[in-house]
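What follows is each chain in one-letter form.
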Amino acid sequence: MNDLVKLSPRVEAALKAGRPVIALESTIISHGMPYPQNVETALRCEKTARENGAEPATVAVIGGKLCAGLTEDEIDYLGREGTKVTKASRRDLPALVAGQKDGATTVAATMIIAALAGIRVFATGGIGGVHRGAEVTMDISADLEELARTPVAVVCAGAKSILDLGLTLEYLETKGVPVLGYRTGELPAFYTRQSGFSVDYRVETPEEIAAFIRAQRQMGYPGGMLITNPIPEEYAMPKAVIDAAIDQALREADAQHVKGKAITPFLLARVCDLTGGESLASNIRLVLNNVSLAARVAAALG
Ligand code: PSU
Ligand code: MN
């Protein structure tokens, strides 16, 4: 094992015994939700993973160590400090390691650390993707490139329409990343179950997903997989409400010249404010739903 990787005792024991383990990310804690809901959700995610048969490994960089499995105190710290903690994607990891600093890991950075630790399944809320207007700004999340090169299967609720979902799917196709729909043929759009875009493959069971992952690994080439899991109907938001909030947030980001890594957290926070916290409640529900599926997939992988 790489010296830079630090496993919690529970994660280490589970991996050694060959028990199912799933990774969880931490940008969602520090930059994706307000305190204290961020900490409460992170701890509920860990509990949900265990209830569904997998040991949770919440991933972050702490003191320059690439950590898989955090203490409650560490999770509380990431939640309290919020946006003061560096949002860490692939390009940020060397600086944090060299400077022995802390970072909240994005989907991309969490995949890297999960792969180093030997964890093959990962649950989050939404992934980064191709931003609207990317044909001019070239703003494409490093999450997509990571899905192309790192062998971790990511369970998410699709992507928010702060992104260009059509271009995100095109990019994933070019990079050879399979996009699966769990009990749906349509790409879910995070707060809503519909997007108008099709997934590549509809699957009905965790066992079927595990078979896809096994086949991909057997072929020996790098790359991950995207498993999209629609938000449960009862927690989905009315499309008109969420679309209006996203449109306004995008206009504000443009007017305030918000750029680069600050854009996604800015939009997430504005959408949350503009919907009076209703979107936060949906966000929490869909994350827990993804953790439960990821745990069952990890268990099916054996
Ligand atoms: N989308 C969400 N919630 C999130 C993120 C994205 O709906 O919390 C976070 C994830 O950590 C994701 C990151 O990996 O934002 C993508 O940031 P960027 O677009 O800067 O790559
Ligand atoms: Mn970006």
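What counts as what
Residues numbered from 1 in each chain as written. Chains lettered and ligands numbered in written order. Predicted model: local features only at pLDDT ≥ 70, side-chain atom pairs only at ≥ 80, totals over all residues. Heavy atoms only, no water. Axes fitted to C-alpha atoms, helices over the stretch in contact; angles between N-to-C directions. Helix = DSSP H or I, 4+ residues; strand = E, 2+ residues; numbered from the N terminus. Parallel < 35°, antiparallel > 145°, perpendicular 65-115°, else oblique. Left-handed = near helix turned anticlockwise from the far one by under 90°. Contact = heavy atoms within 4.5 Å. Phe/Tyr/Trp six-rings, centres within 6.5 Å; stacked < 30°, edge-to-face > 60°. Buried < 20%, exposed > 50% of the residue type's maximum accessible area, 1.4 Å probe, protein only. Lys NZ or Arg CZ within 6 Å of the ring centre and 35° of its normal. Arc of directions from axis to C-beta. Near = heavy atom within 4 Å. Polar contact = N/O pair within 3.5 Å; in protein donor to acceptor, adjacent residues only side chain to side chain. Areas by Shrake-Rupley, 256 points an atom, 1.4 Å probe, with all protein chains shown as cover. Nonpolar A, V, L, I, M, F, W, Y, C, P; charged D, E, K, R; others polar.

Enquirer: Explain the packing of helix α11 (residues 239-255) against helix α12 (residues 263-274) to me, using residue names and the numbers behind them.
Expert: At a minimum axis distance of 9 Å, the contact between α11 and α12 shows a crossing angle of 130°. Accordingly, the angle class assigned to the pair α11 and α12 is oblique. As α11 packs across α12, the resulting crossing turns out to be right-handed. In this structure, α11 contributes Ile 242, Ala 245, Ile 246, Gln 248, Ala 249, Leu 250, Glu 252 and Ala 253 to the contact, and α12 contributes Phe 266, Leu 267, Arg 270, Val 271 and Leu 274.

Enquirer: Which residues make up the packing of aromatic side chains, and what values go with them?
Expert: All told, the structure shown has two aromatic pairs when counted by the stated rule. Where Phe 190 meets Tyr 191, the ring centres are 4.8 Å apart and the plane angle is 85°; that geometry is what we call edge-to-face. Classification of Phe 190 as buried rests on a relative accessible area of 1%. The ring centre of Phe 190 lies 3.5 Å from the NZ or CZ of Lys 160, which sits over that ring.

Enquirer: Give a detailed account of helix α4 (residues 72-81), specifying residues and quantitative values.
Expert: The set of residues buried in α4 consists of Glu 74, Ile 75, Leu 78 and Gly 79. Projected onto a plane normal to the axis of α4, the buried residues spread over an arc of 135° and lie on a single side. Of the residues in α4, the exposed ones pointing more than 90 degrees away from the buried face are Glu 72, Asp 73 and Arg 80. Along its buried surface, α4 packs onto α2 (27-30), α3 (37-51) and β3 (55-62).

Enquirer: Describe the site of ligand 1, naming the residues involved and giving the relevant values.
Expert: Around ligand 1, the structure places 15 residues, and the nearest of them are Glu 25, Lys 87, Ser 141, Asp 143 and Lys 160. At 2.7 Å from an oxygen atom of ligand 1 is found a side-chain nitrogen or oxygen belonging to Lys 87. A distance of 2.7 Å is found between an oxygen atom of ligand 1 and a side-chain nitrogen or oxygen belonging to Ser 141. For ligand 1, whose unbound accessible area comes to 470 Å², protein coverage reaches 93%. Secondary structure elements with two or more residues in the shell around ligand 1: α2 and α12. When the residues that make up the shell around ligand 1 are grouped by side-chain class, the tally is four nonpolar, seven polar and four charged.

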